[in-house]
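Working through the structure, step by step
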Amino acid sequence: MNNDIEEKTEASASSSINFIKAIILDDLKTNKFNGIVHTRFPPEPNGYLHIGHAKSICLNFGLAKEFNGQTNLRFDDTNPSKEDVEYVESIKEDVKWLGFDWEDREFFASDYFEQLYQYAVQLINDGKAYVCSLSADEMKTYRGTLTEPGKESPYRNRTIAENLDLFERMKAGEFADGTYVLRAKIDMTSPNLNMRDPIIYRILKVSHHRTADKWCIYPMYDFAHGFSDMIEGITHSICTLEFENHRPLYDWLLEQVNVEHHPQQIEFARLNLNYTVMSKRKLLQLVQDGNVSGWDDPRMPTIAGIRRRGYTPDAIRNFAERIGVAKRDNVIDIALLEHSVREDLNKKSMRVMAVLKPLKVVIENYPDDLVEEMDAINNPEDPEMGTRKVPFSKVLYIEQDDFMETPSKKYFRLSPGAEVRLRYAYYVKCTDVVKDENGNIIEIKCTYDPLTKGGGSPDGRKVKGTIHWVSAKHAVKAQVRLYDRLFSVENPDATEEGKTFKDYLNPDSLIKLENCYLEPYLINAEKGDKFQFERLGYFCADPIDSEKNNLVFNRTVTLKDAWARIEKNQK
RNA sequence: UGCCGGGUCGUCUAAUGGCAGGACAACGCCCUUUGGAGGCGUCUGCAGAGGUUCGAAUCCUCUCCCGGCAGCCA
């Protein structure tokens, strides 16, 4: 066992050690928890998980895995007025999708309501808790302020018998919401407001999604959390920074009941991402106000949204690894997330050709009815993915952006007189431009060089540009949804006077293109299938809306675009 | 300004008294049948001032700056 720890110490030392790992390593050395590492992921089922939760999930499960420990999934369901089974289900789905397995350790704080109640009774019996009759407003006054101490409640010195009786009757449903609360008797003058006789139980005559109407008193977070950790044998209770001031209370509660196992709370800085918002309240508002199509809108930073967008679990886990874990506040550049998904999809995804904004091209010297099957490589990063045939014929579509009538200096795609390579097919030269009565280009006429089949030329002449295409008569039509960042400013939370975060929504965060042409291979694309549309980006068949005869693709992320930069710099 | 926490390249994050390193971003160059990928390179940083020390991002002192906390939410 000790050898294992030594090895683990060395193995971890070679990768990167964050401060939490350092604590665990130290605990293992001193045998603080008998060599055990047991973490938990404890969401409240009151909303959908977002990328910030993914950081926490990866942290908790990753740490346990690294040290041969276990991780529990525990729903922190102590406030039934906000919670719902819908959220329980979505959370389970999201954690599973990320690739983590809590095995049979699926727990609910509500599993412990009886035991928690007994701990509360014990506290009362020990003179460490009392029933208080102050109203919410009075309680606020008595609490004091950040700079002034609080005052003791006039009910603070009720007898144990009286407290026991009142608490029992609270539980029995004799009193209305808000009339009584159970408070820990600590110190009203504490500089830490959480220690000024915090409420540990309140009356809530609300049906609970699991215990229904069995209870009408519910423990507060602070009371339930530490005891739940203790009951489950959690060693390292990892949470975000805003709970730092709660740690003294966490520890105080566990000390009062003299438990044999005392978990350690460790706080880390939550994830912030630029160009988005992360608060559940704001996310909910976007959903309710119809700014997005739902919690799983591909523009949302929710796990469900990111999944629908076409991100992979590997990309998210790599991202979580890369951003690290520390205590300082941070804002991660969304470019890092995008990098992570490109990196993953680049290795895995099949390349196909798709034309999003079609421009008709007629190869004038190509036989009218000839169809040739061109060989195309499925993934240059992975030869094992093989090749496929792509039909080529006289009439094609190319991207409107791949033709420019009067090209700028560095533009080396198609233009009058210029020769380019049609990927995997032939060199073609533009001979004519057809326009409608308004002067819009509606068709390009080209000639091809029959000797360049496959894309190479026997005379060794070079062409600068290679563009993608689809054969008009073989093309499959599809809708393509181009997604971009939801907000047009880095920090939508920092609002100017008189504005809300919604004033910074990016009007172009979704562009739907209805007449896109895909190479015929894509006709069998299933929901969720991921592809690289060559030269454009990574796309995913929408897991909900895409159907066999009505294909819908979401753009996950664009390819890194050197041309966009050149264009920008020319201006 | 009560308590708690935090300040290292533009953004994240390492270095735990011994060469400030990595990733992303940016910018070059090379390569390329994706202006993709890849390769090579460049740039930029210890909040400030003192002190301890042979040696300080790291330890000490002071200053400055940022964040969290006054729900019967979590």
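Residues numbered from 1 in each chain as written. Chains lettered and ligands numbered in written order. Predicted model: local features only at pLDDT ≥ 70, side-chain atom pairs only at ≥ 80, totals over all residues. Heavy atoms only, no water.

**Description of the nonpolar core**
Ranked by size, the top nonpolar core spans 38 residues in total, and within it Leu116, Phe167, Leu182, Tyr201, Phe223 and Phe227 carry the most contacts. Of all the secondary-structure elements, those providing two or more residues to this core are helix H5 (113–125), strand E4 (129–132), helix H7 (160–172), strand E5 (181–184), strand E6 (199–203), strand E7 (217–219), helix H8 (221–231) and helix H9 (247–256). With 8 residues, H5 is the largest single contributor of residues to this core. Beyond its immediate sequence surroundings of up to four residues, Leu182 is in contact with Ala120, Ile124, Ala129, Tyr130, Val131, Phe167, Met170, Pro198, Ile199, Ile200 and Tyr201. (Core = buried A, V, L, I, M, F, W, Y, C linked by side-chain atoms within 4.5 Å. Buried < 20%, exposed > 50% of the residue type's maximum accessible area, 1.4 Å probe, protein only. Helix = DSSP H or I, 4+ residues; strand = E, 2+ residues; numbered from the N terminus. Contact = heavy atoms within 4.5 Å.)

**Considerations on the packing of H8 against H9**
H9 packs onto H8 with a crossing angle of 60° between their chain directions and a minimal axis gap of 9 Å. The angle between H8 and H9 falls in the class oblique. Judged by the sense of rotation from one axis to the other, the crossing of H8 with H9 is right-handed. Where H8 abuts H9, its residues Asp222, Phe223, His225, Gly226, Phe227, Asp229 and Met230 lie against Leu249, Tyr250, Leu253 and Leu254. Tallied by class, the residues present in the contact of H8 with H9 amount to 7 nonpolar, 2 polar and 2 charged. (Axes fitted to C-alpha atoms, helices over the stretch in contact; angles between N-to-C directions. Parallel < 35°, antiparallel > 145°, perpendicular 65-115°, else oblique. Left-handed = near helix turned anticlockwise from the far one by under 90°. Nonpolar A, V, L, I, M, F, W, Y, C, P; charged D, E, K, R; others polar.)

**A few points about the protein's contact with RNA strand B**
The environment of RNA strand B is made up of 67 residues, and the closest members are Leu193, Arg351, Arg421, Gly454 and Gln532. Counting only the atoms of RNA strand B within 4 Å of the protein, the fraction contributed by sugar and phosphate is 62%. Interatomic distance of 3.4 Å between a backbone N/O atom of Trp563 and a sugar or linking oxygen of RNA strand B. Contributions of two or more residues to the surface near RNA strand B are made by helix H6 (136–143), E6, helix H12 (313–323), helix H13 (334–348) and helix H14 (562–570). (Near = heavy atom within 4 Å. Polar contact = N/O pair within 3.5 Å; in protein donor to acceptor, adjacent residues only side chain to side chain.)

**What about the environment of Phe175?**
Inspection of the secondary structure assignment puts Phe175 in the loop between H7 and E5. Sequence separation between Phe175 and Asp382 is 207 residues, and the spatial gap between their C-alpha atoms is 68 Å.

**Quick notes on the environment of Met404**
Mapping Met404 onto the fold places it in the loop between strand E15 (395–399) and strand E16 (419–422). Each C-alpha atom, one on Met404 and one on Leu414, is 6.5 Å from the other, the two residues being 10 residues apart in sequence.

**Examining the pairing of E15**
E15 sits mainly inside the fold: 4 of its 5 residues count as buried. Examined bridge by bridge, strand E12 (residues 358–363) and E15 share 5 bridges and lie antiparallel to one another. In the sheet register, Lys360 faces E15, and the bridge partner there is Tyr397. Bridge analysis of E15 against strand E20 (residues 469–471) gives 3 bridges, and the strand direction is antiparallel. Along E20, the bridge assignment pairs Tyr397 with Val470. (Pairing = 2+ DSSP bridges.)

**Remarks on the pairing of strand E1 (residues 38–41)**
The alternating pattern of E1 places His38 and Arg40 and Thr39 and Phe41 on opposite faces, both of which are buried. The parallel pair E1 and strand E2 (residues 70–75) is bridged by helix H3 (residues 51–66), and the resulting crossover is right-handed. (Right-handed = clockwise from strand over helix to strand, strands pointing away.)

**Quick notes on the sheet that holds E7**
Judged by pairing direction, the sheet is antiparallel, and its 4 strands sit side by side in the order E4-E5-E6-E7 without closing on themselves. If you trace the sheet from one side to the other, it starts and ends with E4 and E7, each paired once. With strand direction ignored, the average angle separating the axes of adjacent strands in the sheet is 20°. Bridge count between E6 and E7: 3 bridges; the pairing is antiparallel. By the bridge assignment, Ile203 is partnered in E7 with Ile217. In this fold H7 packs onto E4, E5, E6 and E7, with an angle of close to 60° to the strand it touches most, E4.

**Quick look at the side chain of Arg481**
Of note, Arg481 is situated in strand E21 (residues 476–483). Judged by its relative accessible area of 8%, Arg481 is buried. If sequence neighbours within four positions are ignored, Arg481 has contacts with Arg308, Leu510, Ile511, Lys512, Asp542, Asp545, Val552, Phe553, Asn554 and Arg555.

**Topic: the packing of H5 against H8**
Axis separation between H5 and H8 bottoms out at 11 Å; the angle between their running directions is 115°. By the angle class used here, H5 and H8 are roughly perpendicular. Relative to H8, the crossing made by H5 is right-handed. Within the contact between the two elements, H5 uses Gln115, Leu116, Tyr119, Ala120 and Leu123 and H8 uses Phe223, Ala224, Phe227, Met230 and Ile231. Of the residues belonging to the contact of H5 with H8, the class tally is 9 nonpolar, 1 polar and no charged.

**Let's talk about the pattern of salt bridges**
One pass over the full model with this rule turns up 48 salt bridges. For Asp368, the salt bridge is made with Lys394, and the minimal N-O distance between the two is 3.4 Å. Here Asp368 is found in the loop between E12 and strand E13 (372–377), whereas its partner Lys394 is found in the loop between strand E14 (387–392) and E15, with 26 residues between them in sequence. When its relative accessible area of 15% is taken as the criterion, Lys394 is described as buried. Taking the shortest distance from any N to any O, the salt bridge between Asp402 and Arg535 comes out at 2.3 Å. (Salt bridge = Lys/Arg side-chain N within 4 Å of Asp/Glu carboxyl O.)

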